[in-house]
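Secondary and tertiary structure notes
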Amino acid sequence: MTVRAITLVLGVSLLCDSAALAAEPNVTAHALAPVAESASFPVATDVRLGGDDKQTRFVVHLSQKIDLAAFTLADPYRVVIDLPQVTFKLPPQAGEHGRGLVKAFRYGLIMQGGSRIVLDTKGPVRVDKAFALGPAGDQPARLVLDLSATDRESFLRNITMQDRTLRTKTGKTVSVPEAVGDARPLIVVDPGHGGIDSGTKSGSGQDEKDVVLAFGLMLRDKLEKAGKYRVAMTRSDDTFVPLDERVRFARAHKASLFISIHADSIPRSEGQAEGASVYTLSAHASDAEAARLAEVENKSDVIAGVDLSAEPNDVANILIDLAQRETKTFSLQFARDLVGEFKSTTRLHLHPLKSAGFIVLKAPDVPSVLVELGYMSTKDDLVHLMSPEWRARTADSLVHAVDEFFAPRMAGAAAGAN
Ligand SMILES: [Zn+2]
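Throughout what follows, the structure given in this document is the object of discussion. If you're wondering where the values come from, they're calculated on a predicted model, not measured in any experiment. (Residues numbered from 1 in each chain as written. Predicted model: local features only at pLDDT ≥ 70, side-chain atom pairs only at ≥ 80, totals over all residues. Heavy atoms only, no water.)

Moving on to the packing of aromatic side chains. One pass over the full model with this rule turns up 9 aromatic pairs. Aromatic ring contacts, followed pair by pair, group Tyr229, Phe330, Phe334, Phe405 and Phe406 into a single cluster. (Phe/Tyr/Trp six-rings, centres within 6.5 Å; stacked < 30°, edge-to-face > 60°.)

Encoded structure:
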């Protein structure tokens with residue numbers, strides 16, 4: 001996809017206002033040594049946040065001037081800045097702590113050719129200005145966003161005036177070539193998160209999105225090598241894919257099985273947990289931990305700044321789909337096969353088979369499970385997750401479980417063909 005020229009929305013000022021910049025509030029971000037430009041994409045090198053609870057200015061330093069589009073989203077209150085693809089080389093802790101009206105922010109790839117910054121704000125805000133500046137004197141190119149506090153009513157009124165087409169362009173649409181005459185079942189491997197949504201993080205800084213992608217790629221290779229299945233991935237690189245898109249992808253290609261790969265973590269205050277778990281869809285969570293996890297995993301689209309107001313995506317929707325009993329039975333059967341296989345090869349959670357209202361598992365016609373490989377917050381689990389040997393052993397178990405799941409049907413198909 002080519003970089004689309006992004007237009008500014010909502011009467012945002014395009015003027016290069018040097019007077020406004022001179023009045024730039026005190027900054028909190030620490031200075032960063034100049035970063036060499038390695039890629040062909042513009043590089044974001046530093047970020048500054050200044051101001052107070054009434055007015056806040058957000059500034060990003062860039063290797064060159066780029067276009068931007070800013071819009072707001074409600075529940076939770078967010079400001080989204082869409083950019084052409086940018087390489088982020090910001091200080092390591094950038095975004096973890098905010099200032100003024102901004103609680104925190106995150107950034108990353110939202111689709112091929114497009115990057116995004118999402119600011120979580122403390123309350124309803126108005127985007128007063130959003131503009132780009134070219135380099136001037138010893139100042140780098142910058143993008144500048146001025147926010148001021150507003151009330152909820154005005155905030156919501158502004159949202160309805162925003163250009164809807166702009167804020168629905170999110171994530172990639174994935175396609176698999178049609179397999180003409182290939183009757184092998186299609187298995188969709190779904191590494192969680194990606195791009196701007198990093199998932200959970202280990203204490204030593206590893207991102208869930210990277211761990212599950214590495215595992216997913218290995219699983220794909222092993223399944224393909226078995227020769228009995230077609231395999232497709234919802235993502236095979238560090239790109240964000242919305243939850244609904246993952247489900248739509250599996251359904252559109254008439255997948256026979258959907259395996260979502262994740263890694264969990266729990267706050268230290270909530271004690272210790274370890275081992276792998278397998279989740280299926282249910283209207284009511286099987287226990288409090290399953291409920292917590294589904295809530296965390298379902299936040300992916302919120303984290304990425306996806307506009308969910310157009311398509312309500314709550315658990316009520318999932319309930320309707322639960323009418324598909326046969327799919328539910330198959331999902332549970334595969335989950336049990338998988339837990340059985342894991343028993344002999346990897347460490348299992350104390351209660352390894354659980355269920356909750358995961359959006360990504362809601363396809364009514366595709367048996368679907370979500371595998372939590374382990375806890376990134378638990379030291380021994382993290383050692384496993386980072387180990388190529390452990391990954392290979394665990395992926396082998398998954399392949400065995402897939403074989404077990406499809407064996408009766410493949411035997412039936414072979415008998416029918418004779
Ligand atoms: Zn996850």
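Within helix α2 (residues 152-161), burial applies to Ser154, Phe155 and Ile159. In an axial view of α2, the angular spread of the buried residues amounts to 140°, which keeps them on one side of the axis. Exposed side of α2, more than 90 degrees from the buried face: Glu153, Thr160 and Met161 are the residues found there. Taking the backbone nitrogen of Glu153 as reference, a side-chain oxygen 3.2 Å away marks Asp151 as the first, capping residue of α2. (Buried < 20%, exposed > 50% of the residue type's maximum accessible area, 1.4 Å probe, protein only. Helix = DSSP H or I, 4+ residues; strand = E, 2+ residues; numbered from the N terminus. Arc of directions from axis to C-beta. Polar contact = N/O pair within 3.5 Å; in protein donor to acceptor, adjacent residues only side chain to side chain.)

As summarised here, the arrangement of the 6 strands in space is β11-β10-β12-β15-β13-β14, forming an open sheet in which the pairing is mixed. Looking along the sheet, the strands with just one partner apiece sit at the ends: β11 (230-233) and β14 (348-356). Between one strand and the next, the sheet's axes are offset by a mean angle of 20°, whatever the strand orientation. Both strand β13 (residues 276-281) and β14 contribute to a ladder of 5 bridges, which runs parallel. Within β14, the residue paired with Tyr279 across the bridge is Lys354. Packed on one face of the sheet, helix α4 (residues 208-226) meets β10 (186-191), β11, β12 (257-264) and β15 (368-375) and runs near 145° to β12. Contacting β12, β13, β14 and β15, helix α9 (residues 325-345) runs over the sheet at an angle of about 175° to β13. (Pairing = 2+ DSSP bridges. Axes fitted to C-alpha atoms, helices over the stretch in contact; angles between N-to-C directions. Contact = heavy atoms within 4.5 Å.)

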